[in-house]
Amino acid sequence: MKILFFGTPVFSEIVLNGLLENGFEVVGVVCQNDKPAGRGKKLVTPHIVEIAKAHNLPVYQFEKLSLYIEEFKKIDYDLGVTASYGKILPRKLLEIKPCINVHPSMLPKYRGATPIQGALLNGDKKTGVTIMKTEVGMDDGDIFVQKEVEIMPDEDYLSLMPRLAKIGLELLMETLIKIENGTAKRTPQEHEKATFVKLIQKEDALLDFSMPVESLVNKTRAYVVSPVAFFTLGEDRIKVYKAKVADMTIDANVGEIIPNKKRFLVQASDGVFEILKCQASGGKVLDANVFLNGYRFKTRVANV
RNA sequence: CGCGAGGUAGAGCAGCUCGGAAGCUCGCCGGGCUCAUAACCCGGAGGUCACAGGUUCAAAUCCUGUCCUCGCAA
């Protein structure tokens, strides 16, 4: 069975790599265009392109898929597989050949672009992965299989995402085999139970200390790769990569940095937010105690 | 040539405007104190101040070039 793979970020890479390692016949990779990124706005090629090239797979980078339907008709494939492709595939493309999708949530919960972050943001104890049919609607296709996955209390996007990708890969391979031998079954989603997660905006990552401390920690966990939770201290923007609920209470105003030589503590609405790993503008990512060694506080109040 | 910050002891920083004997916080080594501590006290080791030129009696500091790191924006 010839597979045409759609995907761009790390999640997609893990799934693609797995398919290749396990001998599935991938005939091409469709991913996003090169985009200007980083300092100097240099054009950056998605990393997944290197994986494709290493396996001598043709790479298709189309700005708008709907403009290249004829190109797709020329490709010899039997099934499309999307894994975190990010965009809705045009109807005409789906009409060429069927397509299935790897979605890291227990659909119909968390349809949309950021299901992993959604689960972390809500402090969920468990999430999951679903293999479903790719349709024109947003993640609303029939489900082949899904599996629940426990979220560890100290887990963040960086560790959860690859874990879900690997589980997704297993379920995907299982499903591919069933499709090939004709035993695949699928059931419609309970659409009335659907929930959605939106694209993340920069300002969503602001740590507003009038929020419950638990939510602040969850935000840090969800956004650790991008856009990274942050707050401001005077002119400086402090990014927070790792944090926890401090095992203490202190009487301080909301948003106030509590003086401490070794621990970076900020008062939230209902508890103390402890920063464990952070970064100031222009600096490196540092453990909190190291950060405190050199950082000169011009103000002790956040977000003013 | 998108905008900006920075490279000084193992780590994080100050010093640079106004050239003139290398500092701070931590870590490390040794000693002391305490029922106890991510506590405190005393002592110690550790630096061609990114690299290369230039100006000067004298350069971490001023000038020029190179390399590297990071924030913003996209």
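These numbers were taken from a predicted model, which means no experiment stands behind them.

Enquirer: Would you explain the domain arrangement of chain A in this entry?
Expert: By a widely used convention, the size of an interface equals the accessible area lost when the partners come together. Each domain of chain A was delimited in the assignment, giving domain 1 (2-197) and domain 2 (202-294). Relative placement of domain 1 and domain 2: their C-alpha centres are 33 Å apart. On the domain 2 side, the residues contacting the 12 residues of domain 1 number seven residues. Interface of domain 1 and domain 2: buried area, both sides summed, is about 820 Å²; carbon and sulfur atoms make up 62% of it. On the surface where domain 1 and domain 2 come into contact, there are zero salt bridges. Across the contact surface, domain 1 and domain 2 share three residue pairs in polar contact (both at pLDDT 80 or more).

Enquirer: Explain the protein's contact with RNA strand B to me, please; I cannot follow it from the model alone.
Expert: With respect to spatial proximity, 21 residues lie near RNA strand B, and among them Gly-38, Lys-261, Arg-263, Gly-282 and Gly-283 are the closest. Among the atoms of RNA strand B lying within 4 Å of the protein, the sugar-phosphate backbone contributes 56%. Taking Lys-262, its side chain carries an N or O atom lying 3.1 Å from a phosphate oxygen of RNA strand B. One nitrogen or oxygen atom from the main chain of Gly-282 is found 2.9 Å from a sugar or linking oxygen belonging to RNA strand B. Elements with a contribution of two residues or more to the surface near RNA strand B: β3 (35-37) and α8 (288-294). Looking at the surface near RNA strand B residue by residue, the classes come out as four nonpolar, eight polar and nine charged.

Enquirer: I tried to follow the sheet that holds strand β1 (residues 3-6) on my own but got confused; where do I start?
Expert: Neighbouring strands of a sheet are bound in pairs by backbone hydrogen bonds; such pairs are parallel or else antiparallel. Read across the sheet, seven strands follow the order β5-β2-β1-β6-β7-β9-β10 without closing on themselves; strand pairing throughout is mixed. Both outer strands of the open sheet, β5 (59-60) and β10 (143-150), are each paired with one neighbouring strand and no more. In the sheet, β1 pairs with strand β2 (residues 26-30) via four bridges, with the strands oriented parallel. Paired with Phe-5 across the bridge in β2 is Val-29. Contacts from helix α6 (residues 157-180) reach β1, β6 (79-83), β7 (99-103), β9 (126-133) and β10 within the one sheet, and its direction differs from that of β10 by about 155°.

Enquirer: Would you take a moment to explain the pattern of salt bridges for this structure?
Expert: Where charged atoms from two side chains of opposite charge approach closely, those side chains can pair. Throughout the structure, instances matching the rule amount to 12 salt bridges. A salt bridge links Lys-73 to Glu-70, with the nearest nitrogen and oxygen atoms 3.6 Å apart. Placement of the pair is Lys-73 and Glu-70 together in helix α3 (residues 69-74), with a separation of three residues, close to one helical turn. Where Lys-193 meets Glu-190, a salt bridge forms, and the shortest distance between an N and an O atom there is 3.1 Å. Relative accessible area serves as the criterion here: at 52%, Lys-193 is assigned to the exposed category.

Enquirer: What is the right way to look at the nonpolar core in this model?
Expert: Across soluble globular proteins, you tend to see nonpolar side chains buried next to one another. Of all hydrophobic cores here, the largest spans 51 residues; its most connected members are Phe-5, Phe-11, Leu-19, Leu-172 and Leu-176. Here the element with the most residues in this core is α6; it accounts for 11 residues. In terms of domain composition, this core takes at least three residues from each of domain 1 (2-197) and domain 2 (202-294). Here Leu-19 is in contact with Phe-5, Phe-24, Val-26, Leu-169, Leu-172, Met-173 and Leu-176, once residues within four sequence places are set aside. Of all hydrophobic cores here, the second largest spans 24 residues; its members include Phe-209, Val-240, Ile-257 and Val-266.

Enquirer: Explain empty space enclosed by the protein here, please?
Expert: Here the idea is plain: a probe the size of a water molecule rolls over the atoms and shows the empty space left. A complete count under the given rule lists one cavity of 30 Å³ or more for this structure. Computed from the structure, the largest cavity encloses a volume of approximately 30 Å³. For the largest cavity, the full set of lining residues is Phe-6, Tyr-77, Gly-80, Leu-89, Leu-93, Leu-94, Lys-97, Pro-98 and Cys-99. Per-class residue counts for the lining of the largest cavity are seven nonpolar, one polar and one charged.

Enquirer: Would you mind showing me how to read the packing of aromatic side chains here?
Expert: Each aromatic ring pair is specified by the distance between its two centres and by the angle formed by the two planes. Applying the stated criterion to the full structure yields 12 aromatic pairs. When the centroid spacing of 5.7 Å and the interplanar angle of 85° are considered together, the rings of Phe-6 and Tyr-85 count as edge-to-face. Within this pair, whereas Phe-6 is found in strand β1, its partner Tyr-85 is found in the loop between β6 and α4 (91-96), the two being separated by 79 residues in sequence. Here Phe-6 falls in the buried class, since its relative accessible area comes to 2%. When the ring of Phe-264 is compared with that of Phe-297, the centres are 5.9 Å apart and the planes differ by 85°; the resulting orientation is edge-to-face. Linking Phe-264 in strand β15 (residues 264-267) with Phe-297 in the segment after α8, this pair joins segments that are 33 residues apart in sequence. According to the relative accessible area criterion, Phe-264 is buried, its value standing at 1%. Taking the ring centre of Phe-297 as reference, the NZ or CZ of Arg-300 above it sits at 4.2 Å.

What counts and how
- Residues numbered from 1 in each chain as written.
- Chains lettered and ligands numbered in written order.
- Predicted model: local features only at pLDDT ≥ 70, side-chain atom pairs only at ≥ 80, totals over all residues.
- Heavy atoms only, no water.
- Domains from an automatic or database assignment.
- Contact = heavy atoms within 4.5 Å.
- Buried area = accessible area lost by both parts, 1.4 Å probe.
- Salt bridge = Lys/Arg side-chain N within 4 Å of Asp/Glu carboxyl O.
- Polar contact = N/O pair within 3.5 Å; in protein donor to acceptor, adjacent residues only side chain to side chain.
- Near = heavy atom within 4 Å.
- Helix = DSSP H or I, 4+ residues; strand = E, 2+ residues; numbered from the N terminus.
- Nonpolar A, V, L, I, M, F, W, Y, C, P; charged D, E, K, R; others polar.
- Pairing = 2+ DSSP bridges.
- Axes fitted to C-alpha atoms, helices over the stretch in contact; angles between N-to-C directions.
- Buried < 20%, exposed > 50% of the residue type's maximum accessible area, 1.4 Å probe, protein only.
- Core = buried A, V, L, I, M, F, W, Y, C linked by side-chain atoms within 4.5 Å.
- 1 Å grid on protein atoms, 1.4 Å probe; cavity = no way out; pocket = protein on both sides within 12 Å on 5 of 7 lines; lining within 4 Å.
- Points joined across faces, edges and corners; volume = space filled by probe spheres on them.
- Phe/Tyr/Trp six-rings, centres within 6.5 Å; stacked < 30°, edge-to-face > 60°.
- Lys NZ or Arg CZ within 6 Å of the ring centre and 35° of its normal.

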